[in-house]
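Summary of structural features
So you can see what is in the structure, the chains are spelled out below.
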Amino acid sequence: MDNRPIGFFDSGIGGLTSVMALHERLPLEHVIFYGDTARTPYGSKSPETIREFAVQIVDYLAAKDVKMIIIACNTVTAMALPMLRERHPEIPILGVVEPTAKRVAEDGCRSVGIIGTKVTIKSNVYPDTIHSFDPQVKTFSLACPAFVPLVEEGIIDNEIMDLTIRYYMDDFVAENDFDRLILGCTHYPLIAHRIHSIYPKLEFYSSSREVILEAESLLKERDQLAVENQMVDRYYASDLSDNFLRMTDMLVGNNDAKIKLKKLEN
Ligand code: DGL
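Throughout this description, residue numbers start from 1 for each chain and increase along the sequence as written. In keeping with the model being predicted, local features are shown solely for residues with a pLDDT of at least 70 and side-chain atom pairs are shown and tallied solely at 80 or more, while totals for entire chains, interfaces and linings include all residues. As a rule here, side-chain values cover all heavy atoms of the structure and leave hydrogens and water aside.

1. Here's the deal with the sheet that holds strand β3 (residues 68-71)
The strands making up a sheet are joined through hydrogen bonds of the backbone, oriented either antiparallel or parallel. In this description, strands pair whenever DSSP reports at least two bridges between them. Comment: elements are numbered from the N terminus, with helices defined as DSSP H or I runs of at least four residues and strands as E runs of at least two. Pairing is parallel in the open sheet, where six strands are placed in the order β4-β3-β1-β2-β9-β10. Each end of this open sheet is capped by a strand with a single partner; those strands are β4 (93-94) and β10 (258-261). Across four bridges, strand β9 (residues 234-237) lies against β10 in parallel orientation. Opposite Tyr235, over in β10, you have Ile259 as the bridge partner. This element, helix α2 (residues 47-62), spans β1 (6-10), β2 (31-35), β3, β4 and β9 of the sheet and lies at about 165 degrees to β1. For this analysis, residues touch if any pair of their heavy atoms sits within 4.5 Å. In this description, a line fitted to the C-alpha atoms serves as the axis of each element, helices being fitted only across the stretch in contact, and the angle between N-to-C directions of two axes falls anywhere from 0 to 180 degrees. Of the strands in this sheet, β1, β3 and β4 touch helix α10 (residues 207-221), which is tilted by about 165 degrees from β3.

2. Description of unusual backbone geometry
Note on backbone geometry: most residues besides glycine have negative phi, and most peptide bonds are trans. Note the cis peptide between Thr40 and Pro41, where omega equals 0 degrees. Counting through the fold element by element, Pro41 comes out in the loop between β2 and α2. Positive phi, normally seen in glycine, also occurs at Asp65, with a value near 55 degrees. Among the structural elements, Asp65 can be located in the loop between α2 and β3. A positive phi angle is found at Asp223, which is not glycine, with a value near 55 degrees.

3. Section: the packing of aromatic side chains
To pair, rings of Phe, Tyr and Trp, with the six-membered ring standing in for Trp, must have centres within 6.5 Å; the planes then decide the type, stacked if under 30 degrees apart, edge-to-face if over 60, and tilted in the middle. In this structure the tally under the stated criterion is 11 aromatic pairs. The interplanar angle of 90 degrees and the centroid separation of 5.6 Å between the aromatic rings of Tyr60 and Tyr236 together place this pair among those described as edge-to-face. Of this pair, Tyr60 sits in helix α2 while Tyr236 sits in strand β9, and the two are 176 residues apart along the sequence. For Tyr236, a relative accessible area of 6% corresponds to the buried category. Summary of the burial criterion: residues with accessible area below 20% of their type's maximum are buried, those above 50% are exposed, and those between are partly exposed, where the area comes from a 1.4 Å probe applied to protein chains only.

4. Points about the pairing of strand β8 (residues 203-206)
Relative to β8, strand β7 (residues 180-184) runs parallel, the two sharing four bridges. Bridging across to β8, Ile182 finds its partner in Tyr205. A crossover connection joins β7 to the parallel β8 through helix α9 (residues 192-198); in handedness this β-α-β unit is right-handed. Whether a crossover is right-handed comes down to one check: with the strands pointing away from the viewer, does the path from the first strand over the helix to the second run clockwise; if it does, it is right-handed.

5. Details of the pairing of strand β5 (residues 111-116)
Two faces make up the sheet, and in a regular strand the side chains alternate between them. Most of β5 sits inside the fold, with six of its six residues counted as buried. Judged by which residues are buried, β5 turns out to be covered on both faces: Ser111, Gly113 and Ile115 on one side and Val112, Ile114 and Gly116 on the other are all buried. Strand direction decides the pairing type here: β5 and strand β6 (residues 138-143), joined by six bridges, are parallel. Paired with Ile114 across the bridge in β6 is Ser141. When β5 meets β7, the two strands line up parallel, connected through four bridges.

6. Topic: the site of the ligand
Surveying the vicinity of the ligand reveals 14 residues, the closest of which are Ser11, Tyr42, Gly43, Thr75 and Thr186. For this analysis, a polar contact is any N or O atom pair within 3.5 Å, provided that within protein one partner can donate a hydrogen and the other can accept it, and provided that sequence-adjacent residues contribute only side-chain to side-chain pairs. Asp10 has a polar side-chain atom sitting 3.0 Å from a nitrogen atom of the ligand. The side chain of His187 places a nitrogen or oxygen atom 2.8 Å from a nitrogen atom of the ligand. Under the convention used here, a 1.4 Å probe and the Shrake-Rupley method define accessible areas, while residue burial counts only the protein chains that appear. Protein coverage of the free-state accessible area of the ligand, which is 300 Å², stands at 99%. Residues are grouped as follows: Ala, Val, Leu, Ile, Met, Phe, Trp, Tyr, Cys and Pro are nonpolar; Asp, Glu, Lys and Arg are charged; all remaining types, including Gly, are polar. A per-class count over the shell around the ligand returns five nonpolar, eight polar and one charged. What makes a residue near a molecule or strand is one non-hydrogen atom of that residue sitting within 4 Å of it.

The structure is reproduced here in structure tokens:
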């Protein structure tokens, strides 16, 4: 057993969907979350910038005596996971892509759609990782760069979001042969209900949830599950935007959680 916290990192509020999945699955685990709300979105930035930000934040989390770090961001996973692991060999660092790709292959899925940020889609990380498990799976990829800024603004349950979903996805869904879709960005579970209402036949793989199932197996294997949680979860952000405060309260709402501004630089 190990009651130390798990560190989480995302460019913004998307990573909270992974924290929600953790709370559901392993409620005794204690969380330290960092959302880079001042610099979100990452998904249209250069690899160098994303790596620079990722190093700052993972160094910060690593210094907090965490037992594991979850990169709750597909974009950072795609751009920086190997170098982050090399930099911190002392801590297990999990990315969101591999557990999701493995699930697709294990399910025997023959054909899958993938949506994500520009950087994630351009990197080809999902098709490559899925094919490393099963080369026969057909993949169809689509970047939806406006989803993250809309979610960060709290524009979710309205027609602007629906129009944006249709703008990106109508042709993609109509012209390609898949009925399962990877939500390859941790912000997307927050709009999954909108996507579902427009394309009710699609079933989703959530990268936010798959990484938690992987974390659970690893913690069990290493005998590191927490047995008590008397500590207060901590949520840091580089900008305490209204939406960050509102979404933290709504998604992981726990009145005892500490929410703090923390700016990081080299
Ligand atoms: N949640 C991040 C991801 O999973 C969003 C990246 C962004 O900031 O654009 O890719």
